[in-house]
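Below, each chain spelled out in residue letters.
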Amino acid sequence: MSRLRLIALVLACAPVAQAEIAPEQIGTTTMATPTETWLMVRDAVGAAYVFDAASGDMHGLLSISRFTPALQPHPNKPELYAAESYYTRTVRGERTDVVTVYDLPTLSAKAEIEVPNKLAALPFRQYIALLDDERHLLVFNLTPAHSVSVVDIIDRRFVTEISTPGCALVMPTAGRGFLQICGDGRLQLIRLDASGQESKRARSQPFFRIEDDPVADRPVPAGDGWLLTSYAGQVFQASVDGEEVRVSGPWSMLTAADETGNWRPGGSQFLGYHAGLNLLFALMNDEGGYSHDSPGSEIWVFDAVAQRRIGRIALEQPAAYLHVSQNDAPLVAITGEDRQLHVYDALSLRHVRTIPEAGTAPGLLQGVLR
Amino acid sequence: MKLEDLFAWFDRTAQHASRSVAQQSARRSFIGRLGSVLVGASVLPLLPVARAASGTARQVSEIGDPQSCEYWRYCALGGTLCTCCGGSTTECPPGAEPSPISWVGTCHNPLDDKDYLISYNDCCGKAVCARCFCHNAERDLPVYNPAKANDILWCFGTESRAYHCTVAVVLGEAKA
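Here goes a summary of the coordinates provided. (Residues numbered from 1 in each chain as written. Chains lettered and ligands numbered in written order. Predicted model: local features only at pLDDT ≥ 70, side-chain atom pairs only at ≥ 80, totals over all residues. Heavy atoms only, no water.)

**Some remarks on the overall build of chain A**
No. 1: A count of helical and extended segments in chain A gives two helices and 29 strands.
No. 2: A principal-axis box enclosing the C-alpha atoms of chain A has dimensions of 95 × 50 × 40 Å.
No. 3: Expressed as a percentage of its 370 residues, the buried residues of chain A come to 55%.
No. 4: When contacts within chain A are restricted to residue pairs at least 6 apart in sequence, long-range pairs at least 24 apart make up 44% of them.
No. 5: In the form shown here, chain A has an accessible surface area of approximately 15700 Å², with 50% of it arising from carbon and sulfur atoms.
No. 6: Counting 31 positive and 43 negative side-chain charges, chain A places the centres of these two groups 3 Å from one another. (Helix = DSSP H or I, 4+ residues; strand = E, 2+ residues; numbered from the N terminus. Buried < 20%, exposed > 50% of the residue type's maximum accessible area, 1.4 Å probe, protein only. Contact = heavy atoms within 4.5 Å. Areas by Shrake-Rupley, 256 points an atom, 1.4 Å probe, with all protein chains shown as cover. Lys, Arg positive; Asp, Glu negative; His and termini not counted. Charge placed at Lys NZ, Arg CZ, Asp CG, Glu CD.)

**Points about empty space enclosed by the protein**
If you roll a probe as big as a water molecule over the atoms, it shows you where there is empty space left.
All names here are of chain A.
No. 1: If you walk through the whole model with that rule in mind, you get three cavities of 30 Å³ or more.
No. 2: For the largest cavity, the calculated volume is near 80 Å³.
No. 3: Surrounding the largest cavity, 13 residues form its lining, Asp 217, Arg 218, Tyr 231, His 292 and Asp 293 being those nearest its centre.
No. 4: Grouping the constituent residues of the lining of the largest cavity by class yields six nonpolar, two polar and five charged. (1 Å grid on protein atoms, 1.4 Å probe; cavity = no way out; pocket = protein on both sides within 12 Å on 5 of 7 lines; lining within 4 Å. Points joined across faces, edges and corners; volume = space filled by probe spheres on them. Nonpolar A, V, L, I, M, F, W, Y, C, P; charged D, E, K, R; others polar.)

**A closer look at the pattern of salt bridges**
Pairing between side chains becomes possible if they bear opposite charge and their charged atoms approach one another.
All names here are of chain A.
No. 1: Applying the stated rule across the entire model yields 23 salt bridges over all chains.
No. 2: Close ionic contact of Glu 211 with Arg 209 constitutes a salt bridge, the shortest N to O distance being 3.7 Å. Of the two residues, Glu 211 and Arg 209, neither departs from the other in class, the shared state being exposed.
No. 3: What emerges from the salt-bridge pattern is a single network uniting Glu 79, Asp 103, Lys 110 and Arg 156. (Salt bridge = Lys/Arg side-chain N within 4 Å of Asp/Glu carboxyl O.)

**Observations concerning the layout of surface pockets**
Residues and elements named next belong to chain A.
No. 1: Approximately 1100 Å³ is the volume found for the largest pocket.
No. 2: Taken together, 44 residues form the lining of the largest pocket, with Arg 125, Gln 126, Pro 221, Trp 226 and Arg 370 sitting closest to its centre.
No. 3: Contributing elements (two or more residues each) for the lining of the largest pocket: strand 4 (71-73), strand 8 (128-130), strand 12 (167-173), strand 16 (220-222), strand 17 (225-229), strand 21 (271-274), strand 25 (321-324) and strand 29 (362-367).
No. 4: Looking at the lining of the largest pocket element by element, the count peaks at four residues for strand 29.

**Quick word on the pairing of strand 27 (residues 341-345) of chain A**
All names here are of chain A.
No. 1: Extensive coverage of strand 27 is indicated by the burial of four of its five residues.
No. 2: Here strand 26 (residues 331-335) runs beside strand 27; their pairing, made up of five bridges, is antiparallel. Of the residues in strand 27, the one forming a bridge with Ala 333 is Val 343.
No. 3: Counting the residues between successive antiparallel strands, the hairpin from strand 26 to strand 27 contains five residues, one of them, Arg 339, with a positive phi of roughly 65 degrees.
No. 4: Two elements, strand 27 and strand 28 (residues 351-355), share four bridges in a ladder whose sense is antiparallel. The residue bridging Val 343 from the neighbouring strand is Arg 353, located in strand 28. (Pairing = 2+ DSSP bridges.)

Next up, the structure:
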């Protein structure tokens, strides 16, 4: 075939080929139903990236205020709640604090509730919590006086502000209650009535001395109670029995050799707990005293029932944030300054995958479901 | 805190607040409104500065690079250094507003071998200056004890909570 005839044939076929391809339509997808291995990676610039640690796939992104400390999932509704702070001119102008209700399938805001302009701004998981009545959401305030805003997420209204001098965080317990850690070395229990007003306040016996070995402000839920650790690696288990706040322990994360080696728990989110298996995971460093904010060079795994270490993982890159999924085959996800999400099998302690580019500055890690 | 935290929410600092603003009624009324023991604890250490400013107090002799996280004043600083952002150890960069309240650390001055109370004030109202990130946690306490906690966005009592950088102001000698 001559070149001319070939060109003519191609040209003649071109319209036919075009007609055989259906034109594509632009659209927007919705997010699939999350599972226990899905997690949100809090990015410092006002976003939360949604990944599945089991596949490495990204499923979407939530735009939130850059002051938002953490997100609170609903256990039975496809909704997330975020305490947010906005200025009309980004860094200046009028400030408005709100609790925003985010729709999970579309990762979009669908309602907002104004709250006092007092929310605590840094990324602490226990700066927001939903009580077990699934109606009252708590937002921790820091001005730097301590208080808690109560929000009704059913009627979508601000209910009240509860002053909690000297006590911080919100850790839900059964019976429409929550615990706080106090500077006097005790835990505080506050219960609300059905309308969201304070109905009961009590404190535990003192169990630590802030001058000697402070309990860190990064507790994790552990079954029907909470697990707390001190700067020096003492582990306490807190629970509520009736109106009594009970604290058991402590037991130490450190052997004598670990103490000599200057090992300490540390990082911005150094602790994770698998409630079904009673396994405690902690980022650890060997920098000694006051290294509670330093990233960990290893993950240590503890049997919380036997109260002893059962494994350790040496990390290639230091990590400051750790999260444990709650499924039967749990995954441990960590991140740090390398901006990547590293996923480990929590039972074999083997590295499973690395998810690159987990945000501009990845931080706090949370499950999408809890 | 790591760089990630910076970008968005971190805040710390402001000093000449403790020297000049300390005598202004606006600040006092703000603190009065707070009426908190904890806030009181964070503010009390500012008093030696007022005395120093009015008297014949000596200047602290220092050694080191104020743009380095290793600088002796920064032993409990968490944030970015204003000295790297157009400010100084005691002055916010242009246009940033010093937070009138702060957290307080105790740092050892290697030159005269004495301990000093250091006020870490955040400079606020501008985008974060993401230079010279520094996080030291010597004697840092959890957020239930805010006067000595550096994991707090300290832009309180300012027009905006937006964090820019942190200064480190010598309040006085820490005497046992």
